[in-house]
Amino acid sequence: MNEKSAAAHRASDLDYRARLETLLDSAMTPAQKYRRFAIQIGIIAVTVAVLYITALHTNVSIAELVRGIPAIADYVSRMYPPDWGYTRVILEPTLETVEIAIWGTFLGILLGIPLGLMAARNISPHVIVYASARFILNSLRGVSELVFALIFVSAVGLGPFPGILALALHNAGMLGKFYAEAIETIDPGPMEALEATGASWLQIIAFAIIPQVIPHFVTYNMYRFEVSIRAATVLGLVGAGGVGFHLISSIRLFDYRETAVVLIVIILLVVITDYLGALLRAKII
Amino acid sequence: MTQSGQAPILEIKGLRKEYGSTVALHDVHLTAYPGEFTVILGRSGAGKSTLMRCINRLVTPTAGEVRFNGSLVTENKRALRLHRRSIGMIFQQFNLVKRLPVLKNVLTGVLGYKATLPAVCQMFSREEKLRALECLDRVDMAHKAFQRTDTLSGGEQQRVAIARALNQRPILLLADEPVASLDPTIARTVLSYLQKINEEMGITVLLNIHQVNYAREFGRRIIGLAGGVITFDGDVSSLTDDILSSIYGGRPEDTYDE
Ligand SMILES: Nc1ncnc2c1ncn2[C@@H]1O[C@H](COP(=O)(O)OP(=O)(O)O)[C@@H](O)[C@H]1O
Ligand SMILES: [Mg+2]
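Residues numbered from 1 in each chain as written. Chains lettered and ligands numbered in written order. Predicted model: local features only at pLDDT ≥ 70, side-chain atom pairs only at ≥ 80, totals over all residues. Heavy atoms only, no water.

In terms of nonpolar packing, the biggest core is built from 57 residues, with Leu 41, Leu 136, Ile 162, Leu 194, Leu 207 and Ile 209 of chain B touching the most fellow members. The biggest single contributor to this core is helix H7 (residues 184-201) of chain B, with 7 residues. With 32 residues, the next largest nonpolar core counts Ala 120, Leu 137, Phe 148 and Ala 240 of chain A among its residues. (Core = buried A, V, L, I, M, F, W, Y, C linked by side-chain atoms within 4.5 Å. Buried < 20%, exposed > 50% of the residue type's maximum accessible area, 1.4 Å probe, protein only. Helix = DSSP H or I, 4+ residues; strand = E, 2+ residues; numbered from the N terminus.)

So this is what it looks like as structure tokens:
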């Protein structure tokens, strides 16, 4: 540095350096510094303690896992070769699984949109609306699709329809929360600009919010569709339709080679969904 | 203002950049010497940003070469990191992390000198913090060091961005329309800090700008860029209205800011 007039700026100038040090130290008093340090140590200690205690209670044990490896390997080896003839049997139930996932996601989106709009703090029309929407979303999310399925099976009978309803409710809870959070992180500038033009609530949503959240919206929906496919495969367990019934019965009857086919088909489904989702996202975002 | 006898800090030869069918730069030749304050003047879309970004390789040129401080700027990762850390860049939109405190933003200026791990863990030494404060003090922003960056005004944020660039210990400063989103008074303040840094610290400055009045006030050497071609390169005193209309292709008055 070839300084001419800025002698005061040189860090080697002791006075100047002292002033900078004072400034730096003024950012936090020693008490504040120790407090921050104590809080950090506290967080680490609590995390380690929680992990340790819960591991004791739930018998998390690497030794057990290692000892179990031969049994797992044995199970997998019995799946080979897969019984490809079984594919014909599960073709229709698999299709039904996809149909359940499609409708479960679609209805979930329809229900999730209004709930998400009302549960986004920055655009919710009123605190009471906001609080109620949050409560509904939490309840929907808190109950697993399997529990919903049990309830709906006893209400409307066996078959895919109770499965669709169960997925729709759980999806609405998940998606509504995602939408609300996406809306809360948008740039408020355009909203303010539209508000200033005298635009109505719905107009602001249409022009300032939807264009900003579309990429998140598509990503979340695709993700929930993937999860729904996976969830729909076990709905058969409680009689709510789909390929899950065959998965469960083959496992129960120790038909390893049939189980293998069902698993392969399910994995294929998820892979295809992921691929299509990626294509769609690339087009839209 | 060619300072003969000194080795050039920047030598650009036959630089060309195409974006698909758009040719943003045609065969640009440009040499800059240490200590110069050069304004690159041109209307929006002339290729100013592209030229600047070819210098630190945020943009890969289609053809031609850029020599910085004697050595060729290439894609080689290690060499590029060394080049980039001696070239500070200032952007129109400041590009600060708004949620971080001012001092943290300035500290990010030394990342090019640090190993990845301590930097990712946000560990900075007391010495580094003092240096960052000193850089802030050069733009008279030391008193705001511990505030969140988004509490500052636009002009103040741009000064913080200058401090971040200074913390890189650069020998060349690229300023890409640093005042395009600031009002004229604030813009002059920010530009005069660039001028001061050039004069007091001897850092070479390359300034992109589209307003003629700022170019006249702050530039010593002016380079006129139009349609990706250099149409003028000379001292600010020889910048006539004829030359201006060759740069702007119309009445230059349209581009005065006030
Ligand atoms: N990433 C890009 N993709 C396509 N065209 C671009 C891109 N960046 C710049 N251009 C085009 O290159 C030309 C020069 O742009 P730029 O260097 O940004 O000009 P300036 O900074 O002078 O306004 C313009 O025509 C612009 O549209
Ligand atoms: Mg530009």
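Where empty space is left in the structure can be found by rolling a water-sized probe over the atoms. Volume-wise, the largest pocket comes out at about 590 Å³. Looking at the largest pocket, it is lined by 18 residues, and the ones nearest its centre are Leu 24, Met 28 and Arg 36 of chain A together with Leu 103 and Lys 129 of chain B. Contributing elements (two or more residues each) for the lining of the largest pocket: helix H1 (14-26) and helix H2 (30-58) of chain A together with helix H3 (102-107) and helix H5 (126-138) of chain B. Looking at the lining of the largest pocket, the element that brings in the most residues is H3 of chain B, giving 3 residues. (1 Å grid on protein atoms, 1.4 Å probe; cavity = no way out; pocket = protein on both sides within 12 Å on 5 of 7 lines; lining within 4 Å. Points joined across faces, edges and corners; volume = space filled by probe spheres on them.)

Here we come to helix H3 (residues 62-78) of chain A. All names here are of chain A. The end-to-end C-alpha distance of H3, which contains 17 residues, comes to 25 Å, matching closely the 24 Å that a straight helix rising 1.5 Å per residue would cover. The sharpest bend along H3 reaches about 40 degrees and sits at Ile 69, with the proline Pro 70 one to four residues further on. Of the residues that open H3, the one with a side-chain oxygen 3.4 Å from the backbone nitrogen of Ala 63 is Ser 61. (Expected span 1.5 Å × (residues − 1). Bend = angle between axes of the 7 residues up to and from the residue. Polar contact = N/O pair within 3.5 Å; in protein donor to acceptor, adjacent residues only side chain to side chain.)

The next thing to look at is the environment of Asp 176 of chain B. Residues and elements named next belong to chain B. Position of Asp 176 among the secondary structure elements: in strand S7 (residues 172-176). Looking at Asp 176, the relative accessible area reads 7%, which means it is buried. Considered as a pair, Asp 176 and Lys 48 are 128 residues apart in the sequence and their alpha carbons are 7.8 Å apart. A distance of 3.0 Å separates the side chain of Asp 176 from the side chain of Asn 208, its partner in a polar contact.

With that out of the way, let us pick up the sheet that holds strand S3 (residues 37-41) of chain B. Residue and element names in this part refer to chain B. In space, the 6 strands of this open sheet follow the order S6-S7-S8-S3-S9-S10, with mixed pairing throughout. Looking at which strands have only one partner, the edges of the open sheet turn out to be strand S6 (87-90) and strand S10 (229-235). Going across the sheet, the axis of each strand differs from the next one's by a mean of 15 degrees, ignoring polarity. Of the strand pairs in this sheet, strand S9 (residues 221-226) and S10 are connected by 6 bridges, and their pairing is antiparallel. Note that in S10 the partner of Arg 221 across the bridge is Asp 235. (Pairing = 2+ DSSP bridges. Axes fitted to C-alpha atoms, helices over the stretch in contact; angles between N-to-C directions.)

So, on to the environment of Gln 92 of chain B. Residues and elements named next belong to chain B. Tracing the sequence through the fold places Gln 92 in the loop between S6 and H3. The exposure class of Gln 92 is partly exposed, given its relative accessible area of 30%. Taking the C-alpha atoms as reference points, Gln 92 and Thr 50, 42 residues apart in sequence, are found 14 Å from one another. Apart from residues lying up to four places away in sequence, Gln 92 is in contact with Gln 158, Asp 176, Glu 177, Pro 178, Ala 180 and Ser 181. (Contact = heavy atoms within 4.5 Å.)

Moving on, we get to the domain arrangement of chain A. Domain annotation of chain A identifies domain 1 (3-60) and domain 2 (85-284). On a C-alpha basis, the centres of domain 1 of chain A and domain 2 of chain A stand 43 Å from each other. (Domains from an automatic or database assignment.)

Residue and element names in this part refer to chain A. At a minimum axis separation of 8 Å, helix H4 (residues 86-119) and helix H9 (residues 201-235) run at an interaxial angle of 145 degrees. By crossing handedness, the relation of H4 to H9 is classed as right-handed. Across from Thr 97, Val 98, Ile 100, Ala 101, Ile 102, Thr 105, Ile 109, Ile 113 and Leu 117 in H4, the residues of H9 making contact are Trp 201, Ile 205, Phe 217, Asn 221, Arg 224, Phe 225, Ser 228, Ile 229, Ala 232, Thr 233 and Leu 235. Considered class by class, the residues forming the contact of H4 with H9 number 14 nonpolar, 5 polar and 1 charged. (Left-handed = near helix turned anticlockwise from the far one by under 90°. Nonpolar A, V, L, I, M, F, W, Y, C, P; charged D, E, K, R; others polar.)

When pLDDT is averaged along chain B, the result is 91, and 95% of the positions lie at 70 or above. Scored by ipTM, the complex comes to 0.78, with pTM at 0.77. (pLDDT = per-residue confidence, 0-100.)

This next bit is on the environment of Val 89 of chain A. All names here are of chain A. Relative to the helices and strands, Val 89 resides in helix H4. Given a relative accessible area of 43%, Val 89 falls into the partly exposed group. Spatially, the C-alpha atom of Val 89 lies 9.8 Å from that of Val 243, the residues being 154 residues apart in sequence.

Here the focus is the site of ligand 1. Residue and element names in this part refer to chain B. Contacts to ligand 1 come from Tyr 19, Thr 22, Ala 24, Arg 43, Ser 44, Gly 45, Ala 46, Gly 47, Lys 48, Ser 49 and Thr 50. Residue Gly 45 places a main-chain N or O atom 2.6 Å away from an oxygen atom belonging to ligand 1. Residue Ala 46 places a main-chain N or O atom 3.2 Å away from an oxygen atom belonging to ligand 1. Within the complex, the protein chains bury 57% of what would otherwise be the 560 Å² of accessible surface of ligand 1. At 3 residues, helix H1 (residues 48-55) tops the list of elements feeding residues into the shell around ligand 1. Grouping the constituent residues of the shell around ligand 1 by class yields 3 nonpolar, 6 polar and 2 charged. (Near = heavy atom within 4 Å. Areas by Shrake-Rupley, 256 points an atom, 1.4 Å probe, with all protein chains shown as cover.)

So, on to the domain arrangement of chain B. Residues and elements named next belong to chain B. Domain assignment breaks chain B into domain 1 (1-86 + 172-258) and domain 2 (96-169). Using C-alpha coordinates to define each centre, domain 1 is positioned 25 Å away from domain 2. If you look at the interface, domain 1 gives 16 residues, while domain 2 gives 16 residues. For the pairing of domain 1 and domain 2, the buried interface totals around 1,300 Å² over both sides, and the portion due to carbon and sulfur atoms is 61%. Our enumeration of links across domain 1 and domain 2 arrives at 0 salt bridges. Summed over the shared surface of domain 1 and domain 2, the number is 8 residue pairs in polar contact (both at pLDDT 80 or more). (Buried area = accessible area lost by both parts, 1.4 Å probe. Salt bridge = Lys/Arg side-chain N within 4 Å of Asp/Glu carboxyl O.)

The next thing to look at is the side chain of His 83 of chain B. Following the sequence through the fold, His 83 of chain B ends up in helix H2 (residues 77-85). Those residues in contact with His 83 of chain B, other than ones at most four positions away along the chain, are Phe 68, Ser 71, Leu 72 and Val 73 of chain B.

The next subject is the packing of H4 of chain A against helix H11 (residues 256-284) of chain A. Relative orientation and spacing of two packed helices are given, respectively, by the angle between their axes and the distance between those axes. Residue and element names in this part refer to chain A. Relative orientation of the contacting elements H4 and H11 amounts to 40 degrees, with a least axis distance of 11 Å. In this view, H4 runs oblique relative to H11, as classed from their interaxial angle. In this structure, the crossing between H4 and H11 has a hand that is right-handed. Only Glu 258, Val 261, Val 262, Val 265 and Leu 269 of H11 make contact with H4, whose side of the interface consists of Tyr 86, Thr 87, Ile 90, Thr 94 and Val 98. The residue makeup of the contact of H4 with H11, split by class, is 7 nonpolar, 2 polar and 1 charged. (Parallel < 35°, antiparallel > 145°, perpendicular 65-115°, else oblique.)

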